[in-house]
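The lines below spell out each chain.
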Amino acid sequence: MILSILTSLVALSAIVAPPKLAVHAVRFYAPAAGQTNVLAILQVPYALTEPVGDRLAWKTTIQVKDASGLTVYEESWWRGVSAVMRQPDAYGMEPLKFPPMTSGKYTIVATVQDSATGRTATTETAVDAFSVPPTVSDLLLASSMRAAADAGDTVLGPGEVARGMLRFVTAPELKLDPISPALAFMLEAYSTAGGEASTVLEVRDSSGKVVFAVPFKQKIQGGGGIIRGMLPLDGLPEGSYTLNAAVTLGGQRVERSGAFSVGNLDAALARDVAMRSADQLTDEGYFGAMNEDALDAAAEALQPLATSRELAVYKPSGEGRLSLSAKRKFLIDFWASHDQNKATETNETRITYYDLIAFANREYAETGRNARPGWKTDRGRVFVRYGKPGEIYSQLQSGRAPPYQIWRYTSGRMRYYVFADRNNLGAYTLMKSNDLKEPGNAGWIDIMTPDVVRDIGQYLGINLFETSPGSTLGTGTP
């Protein structure tokens, strides 16, 4: 079970009603086994929970009962999110998985219990497993649809559910908006002989009036196929709608339908902000939203933190290059192993690290012929590894000595780093440090001049001449 990120729902009326606990089930068929597979999605309103500290937590229990009321499957699990997600118009999504169903009538019973108050909410959804092989599956509607990169791409993006190689963002109460006005649809067609499938899609408003219609034809291979696509619904007014799909295949005409609604722009903007913020919470959401270039950049930026052995696995190009899904999985697994607080869904360690990378890129980037992003510079590398120094001491150019900075970390064992701007263009390089990971420049005394080295030593309270072999100057005591 994978908990999705925050999804915002706003009622169409002037009064905002809290979202309800709901389950939506979409039936598919397995011809070889003669069984019905169900893709079910549970909507959990965060308003049902009360915070405990800075967390919301609840227990979800799923039961599948047959026509006699006998429980044929049951499972429970705990979920939790940050308390900031508790909004009257917000909920989480949980894809549900259970064994295939044989012919008959079933009921899915979902119960959510708040950990803070013990309060429970229950919803039931009836499912009729196919008694005879159907022509097509139920109609699956979604606000987005994509194909997996390859068979190994098992990482789901924010709010996604999977069916075969396709990934969907959907909900029991699916809502489109002016930011994302496209409606994705998918049906599985079951035909031993194959043939041409003729489909007519109709969007109907709450009164049943057809406001949009499109016919199309598609070749279905022997054994079955998929009827899918995206409907651009730009300009469709706010309201409740139904998409009706009439499919004719092999002389059989079957209709399937699904409900959706269109919200307003203000709600869409608020949701977009909330979702982009929530993307940062989980590693799956953070890396799942990245394209390949962004994944490569995120992996490269691990150099100040990761060991060469860890990074040896990641090959962005050339022989042994990782697939897109493998790159994503590498980063998710890497940060899971470095998460310093596994009790929370949020990976604070990863968030802090990339915040340091972003700061270093803003403050320490070098331009010109030898341009480098900030984290690759000497100051940026140290900043990413250890954060902001306790003290920074700066001096302008004096005589032959270049401008320089001293960074001193006073928490724990004292560490210092001396950086010099040798070209007086803002590009500081590391001259000297007591950090064994940072050897510095063996001829730094000649570069900085003995007088300046003496001043630096007095500031640090140490004799830098004794700790700096290899210089042609500065022998003896300061």
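Criteria and cut-off values
- Residues numbered from 1 in each chain as written.
- Predicted model: local features only at pLDDT ≥ 70, side-chain atom pairs only at ≥ 80, totals over all residues.
- Heavy atoms only, no water.
- Helix = DSSP H or I, 4+ residues; strand = E, 2+ residues; numbered from the N terminus.
- Polar contact = N/O pair within 3.5 Å; in protein donor to acceptor, adjacent residues only side chain to side chain.
- Contact = heavy atoms within 4.5 Å.
- Pairing = 2+ DSSP bridges.
- Axes fitted to C-alpha atoms, helices over the stretch in contact; angles between N-to-C directions.
- Parallel < 35°, antiparallel > 145°, perpendicular 65-115°, else oblique.
- Nonpolar A, V, L, I, M, F, W, Y, C, P; charged D, E, K, R; others polar.
- Expected span 1.5 Å × (residues − 1).
- Buried < 20%, exposed > 50% of the residue type's maximum accessible area, 1.4 Å probe, protein only.
- Phe/Tyr/Trp six-rings, centres within 6.5 Å; stacked < 30°, edge-to-face > 60°.
- Lys NZ or Arg CZ within 6 Å of the ring centre and 35° of its normal.
- Salt bridge = Lys/Arg side-chain N within 4 Å of Asp/Glu carboxyl O.

**Some remarks on the side chain of Asp296**
And step 1. Structurally, the position occupied by Asp296 is in helix H3 (residues 292–300).
And step 2. A polar contact of 3.1 Å, which involves the side chain of Asp296, links it to the side chain of Lys327.
And step 3. Those residues in contact with Asp296, other than ones at most four positions away along the chain, are Tyr314, Pro316 and Lys327.

**With respect to the sheet that holds strand E10 (residues 144–147)**
And step 1. Here three strands make up an open sheet; going across it, the order is E10-E12-E11 and the pairing antiparallel. The open sheet terminates on both sides in strands that have one partner only, identified here as E10 and strand E11 (160–163). On average, each strand axis in the sheet is tilted by 25 degrees relative to the strand beside it, whichever way the strands run.
And step 2. With four bridges joining them, E11 and strand E12 (residues 166–169) adopt antiparallel strand pairing. Each residue of the ladder has a partner; that of Glu160, found in E12, is Val169.

**Observations concerning the environment of Ser144**
And step 1. Counting through the fold element by element, Ser144 comes out in strand E10.
And step 2. The spacing of Ser144 and Glu160 is 16 residues in sequence and 8.9 Å in space, taken between C-alpha atoms.
And step 3. With residues near it in sequence (within four places) discarded, Ser144 still touches Arg167, Phe168, Val169 and Ala184.

**Things to note about the packing of helix H5 (residues 324–338) against helix H6 (residues 348–364)**
And step 1. Relative orientation of the contacting elements H5 and H6 amounts to 110 degrees, with a least axis distance of 8 Å. Taken as axis vectors, H5 and H6 run roughly perpendicular relative to one another. In this structure, H5 contributes Leu331, Trp335 and His338 to the contact, and H6 contributes Thr349, Arg350, Tyr353 and Tyr354.
And step 2. Partitioned by chemical class, the residues of the contact of H5 with H6 number four nonpolar, two polar and one charged.

**Structural notes on H5**
And step 1. Relative to the 21 Å expected for 15 residues at 1.5 Å per residue, H5 spans 22 Å between its end C-alpha atoms, a close match to the ideal helical length.
And step 2. All of the buried residues along H5 are Ser325, Lys327, Arg328, Phe330, Leu331, Ile332, Phe334 and Trp335.
And step 3. Where H5 is buried, its residues meet helix H2 (283–288), H3, helix H4 (308–311) and H6.

**Here's the deal with the packing of aromatic side chains**
And step 1. Using the criterion set out here, one finds 26 aromatic pairs in the structure.
And step 2. Considering the side-chain rings of Tyr409 and Tyr417, the 5.8 Å spacing of their centres and the 90 degrees angle between planes classify their relative orientation as edge-to-face. Judged on exposure class, the residue Tyr409 and its partner Tyr417 are both buried.
And step 3. One aromatic cluster is present, formed by Tyr286, Phe287, Tyr314, Phe330, Phe334, Trp335, Tyr353 and Tyr354 through successive ring pairs.
And step 4. The positively charged end of Arg163 is found above the aromatic ring belonging to Phe28, 4.2 Å away from the centroid.
And step 5. Here Arg350 stacks its cationic end above the ring of Tyr286, 4.3 Å away from the centre of that ring.

**Observations concerning the pattern of salt bridges**
And step 1. Under the criterion given, the structure shown has 21 salt bridges.
And step 2. In this structure, Arg381 engages Asp378 in a salt bridge whose closest nitrogen and oxygen atoms are separated by 3.1 Å. Of this pair, Arg381 and Asp378 both sit in helix H7 (residues 378–386), three residues apart, which is roughly one turn of the helix. Like Asp378, Arg381 is buried.
And step 3. Between Arg381 and Glu438 there is a salt bridge whose closest N-O contact spans 2.8 Å. Residue Arg381 is found in helix H7, and its partner Glu438 is found in the loop between strand E23 (429–433) and helix H8 (444–448); the two are separated by 57 residues along the sequence.
And step 4. Accessibility expressed as a relative area gives 18% for Arg381, which makes it buried.

**Regarding unusual backbone geometry**
Excluding glycine, residues mostly carry a negative phi; peptide bonds, for their part, are mostly trans.
And step 1. With a phi angle near 60 degrees, Asn424 is a residue other than glycine that sits in the positive phi range.
And step 2. Within the secondary structure, Asn424 sits in the loop between strand E22 (415–420) and E23.
And step 3. Of the residues examined, Asn424 reaches a relative accessible area of 46% and is grouped as partly exposed.
And step 4. At Thr449, a residue that is not glycine, the phi angle is positive and equals roughly 80 degrees.
And step 5. Relative to the elements of secondary structure, Thr449 occurs in the loop between H8 and helix H9 (450–460).
And step 6. Judged by its relative accessible area of 11%, Thr449 falls in the buried class.

**So, the pairing of strand E21 (residues 404–409)**
And step 1. Counting buried positions along E21 yields six of six residues, so the element is predominantly enclosed.
And step 2. The alternating pattern of E21 places Tyr404, Ile406 and Arg408 and Gln405, Trp407 and Tyr409 on opposite faces, both of which are buried.
And step 3. Relative to E21, strand E20 (residues 391–395) runs antiparallel, the two sharing five bridges. The residue bridging Tyr393 from the neighbouring strand is Ile406, located in E21.

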